[in-house]
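# Geometric and topological summary
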Amino acid sequence: MFDYLIVGAGFAGSVLAERLANGSGKKVLICDKRPHIAGNAFDYYNDDGILIHKYGPHIFHTNSADVFEYLSRFTEWREYQHRVLASVDGMQLPIPINLDTINKLYGLNLTAFEVEEFFEKLAEKCDVIRTSEDVVVSKVGRELYEKFFRNYTRKQWGLDPSELDASVTARVPTRTNRDDRYFTDSYQAMPKHGYTRMFEKMLDHPNIKIMLNCDYREIASQIGYREMIYTGPIDQFFDYRYGKLPYRSLEFKHETHDTETFQSAPVINYPNEQAFTRITEFKYLTGQEHRKTSIVYEFPQATGDPYYPIPRKENAGIYAKYKALADNAQNVHFVGRLATYKYYNMDQIVAQALTEYGKIVGMKRKEATIKTKSNEKVFAAAQTSNGASSPAASIN
Ligand code: FAD
Ligand code: UDP
């Protein structure tokens, strides 16, 4: 008899498995239909011995000290600041658009102050910013929008930016300085020995049993469990009662080249001519030294494994109906990117899972994160005197 059956061994499922076992002494069975743990963050050494991300580039970044400290229990880190170039008009230019992007693209020599005025002249006034088109056009105007965003977005989502929520392109800022980092979060680092190693440590507990190559529907009726944590697609759980929720898929084309370096940046985006959206060269991300190099192309697809929920009003309407069913489902918790239909990054999923664990044990996220079965009593006393502290994390 298990206390919990956890469906999916990605961030959502694995964080909850760790917390329930380590924090509450629960017996957990975690299953995944894939042949490995770590969900979309899965990485492994390919035949040439190069560490690659099977499901595309995963770069860890967060502003949450709690999340970073929590994950630091299971991994050391390698400091890493992500940088991306976009291939536009035959040039490779920094994206997010910054001062250097504009100067290189137009052969100018503007200062940060002048580029601000430059953007102001190009920007189209927009009273209410509703769509992903509005976000960009209202900041940098139509020409830059068309060069960097319109076609990339159409390719990636199969929709025009005007059909997508503002939140999608709002992920990519516009800068007037020369900061060419993709993210500005306070914690930016890669697990020193890879994501899969980090997940192995997270799940290494006598109360956690793992079943791979296993769709929960094959076992749910045959094993005993009290509650379920479900991290798969929410529409599938309810047998598509309200129709299919659209998820965007990708095809990954992995290659290894007999050369030390393939491209001049960790990721190069191809907004316009190509069928793929970007090429990632993994050695930049992992810091691995090797005489060969491995890359991956991402080709967006309508069908296939669900990778991205598609943020737009129509889909939010369908999701709301499924969420109402989920809220009424007895003893099932819906957590994660697919089960809550949220375009969340890894750190947001960790935070969501820790919050859910907090709800289960009746604690705030911060407290739930540091709870262990053995410190239960000390912890309860500390809680009343408000003296809880969190472990320190370090970047190596
Ligand atoms: P998943 O990792 O999808 O895990 C869900 C698991 O459930 C899967 O392993 C699946 O096989 C399993 N499952 C589903 N149905 C069943 C079933 N019926 N039975 C058994 N198992 C089932 N985030 C970042 O922070 N930084 C990045 O750079 C970044 N890059 C990304 C790049 C790509 C191409 C993609 C697709 C995502 C990226 N993300 C990134 C987002 C990140 O992958 C997610 O936030 C995170 O992995 C979500 O974790 P999860 O546990 O919710 O879902
Ligand atoms: N985007 C774009 N051009 C770019 C980079 C991003 O149009 O060069 C848009 C596109 O719609 C993309 C979204 O911004 O899906 C978010 O980009 P991000 O790099 O965050 O996507 P992810 O890494 O999640 O695939």
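### Overview of the site of ligand 2
In the vicinity of ligand 2, 13 residues are found, and the nearest of them are Phe-149, Tyr-152, Thr-153, Arg-171 and Asn-269. Broken down by secondary-structure element, the contributors of at least two residues to the shell around ligand 2 are α5 (132-157) and α6 (166-169). The class makeup of the residues in the shell around ligand 2 is 8 nonpolar, 4 polar and 1 charged.

### Observations concerning the site of ligand 1
Contacts to ligand 1 come from 33 residues, most closely from Gly-8, Gly-10, Gly-39, Gly-232 and Gly-336. Secondary-structure elements contributing two or more residues to the shell around ligand 1 are α1 (11-24) and α12 (346-361).

### Focus: the pairing of strand β7 (residues 84-88)
The element β7 is largely enclosed, with a buried count of 4 among its 5 residues. Looking at chain direction, β7 and strand β8 (residues 91-95) are connected through 5 bridges and run antiparallel. Note on β8: the bridge partner recorded for Ser-87 is Gln-92. The antiparallel pairing of β7 with β8 creates a hairpin that spans 2 residues between the two strands, and Asp-89 there sits at a positive phi of about 50°. Relative to strand β13 (residues 267-269), β7 is paired through 3 bridges, and the arrangement is parallel. Each bridged residue has a counterpart across the sheet, and for Val-84 the counterpart in β13 is Val-267.

### Some details on the sheet that holds strand β14 (residues 278-281)
With mixed pairing, 7 strands are arranged side by side in an open sheet as β8-β7-β13-β14-β15-β12-β16. Since the sheet does not close on itself, it has two edges, and those belong to β8 and β16 (308-309), each with one partner. Here β14 pairs with strand β15 (residues 293-301) via 3 bridges, running antiparallel. Each bridged residue has a counterpart across the sheet, and for Ile-279 the counterpart in β15 is Tyr-297. Helix α3 (residues 99-106) rests against β7 and β8 of the sheet, and its axis sits at about 160° to β8. Where α5 meets the sheet, it contacts β7, β8, β12 (247-257), β13 and β15, and its direction lies at approximately 100° from that of β7.

The rules behind the values
- Residues numbered from 1 in each chain as written.
- Chains lettered and ligands numbered in written order.
- Predicted model: local features only at pLDDT ≥ 70, side-chain atom pairs only at ≥ 80, totals over all residues.
- Near = placed C-beta within 6 Å.
- Helix = DSSP H or I, 4+ residues; strand = E, 2+ residues; numbered from the N terminus.
- Nonpolar A, V, L, I, M, F, W, Y, C, P; charged D, E, K, R; others polar.
- Buried ≥ 20, exposed ≤ 12 C-beta atoms within 10 Å, placed from the backbone.
- Pairing = 2+ DSSP bridges.
- Contact = placed C-beta atoms within 7 Å.
- Axes fitted to C-alpha atoms, helices over the stretch in contact; angles between N-to-C directions.

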